[in-house]
Amino acid sequence: MKIVVLAGGTSTEREVSILSGTTVCKALRERGHQAVLLDVFFGLVSEKSLREVFTDNYDVDQAAADMRSFDRWLKEETVQRREFFGP
């Protein structure tokens, strides 16, 4: 089954969400599902489309690190955007 695990967001609990989302995503993949992480605020933190990330070699830890790399823009983006959900 293909599953998107939402994580991240804009609250002070962003890191907790990324951490728990990573754990859930890994558990789902260990059970044979094609699970991927999606940053609920920034969208898919990858140059690939969702179709391309549903692969066996998807790196959950790298996806979480990529999500964290956007933290430096969080305050600015939160002020500038009206929408909560990313692309």
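Going by the structure above, here's the rest.
Report on the accompanying structure. All chains use their own residue numbering, which begins from 1 and follows the written sequence. Two thresholds apply to this predicted model, a pLDDT of at least 70 for residue-level local features and 80 or more for giving and counting side-chain atom pairs, whereas whole-chain, interface and lining totals are computed over all residues. Hydrogens are left out, water is left out, and the side-chain values use all remaining heavy atoms of the structure.

1. Some words on the pattern of salt bridges
A pairing counts as a salt bridge when a side-chain nitrogen of Lys or Arg comes within 4 Å of a carboxyl oxygen of Asp or Glu. Enumeration over the complete set of coordinates arrives at four salt bridges. Between Arg14 and Asp39 there is a salt bridge; the shortest N-O distance is 2.6 Å. With Arg14 in helix 1 (residues 14-30) and Asp39 in strand 2 (residues 34-39), the pair connects residues that are 25 residues apart, well separated along the chain. Between Arg68 and Glu15 there is a salt bridge, and its shortest N-O distance comes to 2.9 Å. With Arg68 in helix 3 (residues 60-69) and Glu15 in helix 1, this residue pair connects regions lying 53 residues apart in the sequence. Note on Arg68: relative accessible area 28%, which makes it partly exposed. Exposure is judged per residue with a 1.4 Å probe applied to protein chains only, and the accessible area is read against the type maximum: over 50% gives exposed, under 20% gives buried, and values in between give partly exposed. Classification of Glu15 as partly exposed rests on a relative accessible area of 36%. Among the charged side chains, a salt-bridge network with shared partners connects Arg14, Asp39 and Asp71. Secondary structure is summarised from DSSP: a helix means a run of H or I of at least four residues, a strand means a run of E of at least two, and numbering begins at the N terminus for each.

2. Quick look at the side chain of Thr22
Tracing the sequence through the fold places Thr22 in helix 1. Here Ile18 takes part through its backbone oxygen, which lies 2.7 Å from a polar atom of the side chain of Thr22. Among residues more than four places away in sequence, those in contact with Thr22 are Leu37, Val60, Asp61 and Ala64. The term polar contact refers here to a pair of N or O atoms within 3.5 Å; inside protein, the definition further demands a hydrogen-donor-capable atom paired with an acceptor-capable atom, and it admits residues adjacent in sequence only when both atoms are side-chain atoms. In this analysis, two residues are considered to be in contact whenever any of their non-hydrogen atoms come within 4.5 Å of each other.

3. Let's talk about the environment of Val5
Mapped onto the fold, Val5 is located in strand 1 (residues 2-7). Residue classification places Val5 among the buried positions, given a relative accessible area of 8%. Spatially, the C-alpha atom of Val5 lies 4.9 Å from that of Leu37, the residues being 32 residues apart in sequence. Setting aside its immediate chain neighbours within four residues, Val5 contacts Gly21, Val24, Cys25, Leu28, Ala35, Val36, Leu37 and Leu38.

4. A short note on helix 3
Where helix 3 is concerned, the buried positions are Val60, Ala63, Ala64 and Met67. Seen along its axis, helix 3 keeps its buried residues to an arc of 100 degrees; they face one direction. Among the structural elements, strand 1, helix 1 and strand 2 are those in contact with the buried residues of helix 3. Regarding helix 3, its N-cap is Asp59, as a side-chain oxygen of that residue lies 3.1 Å from the backbone nitrogen of Asp61 further along. In this description, one arc is meant: the one made by directions from the helix axis to the C-beta atoms.

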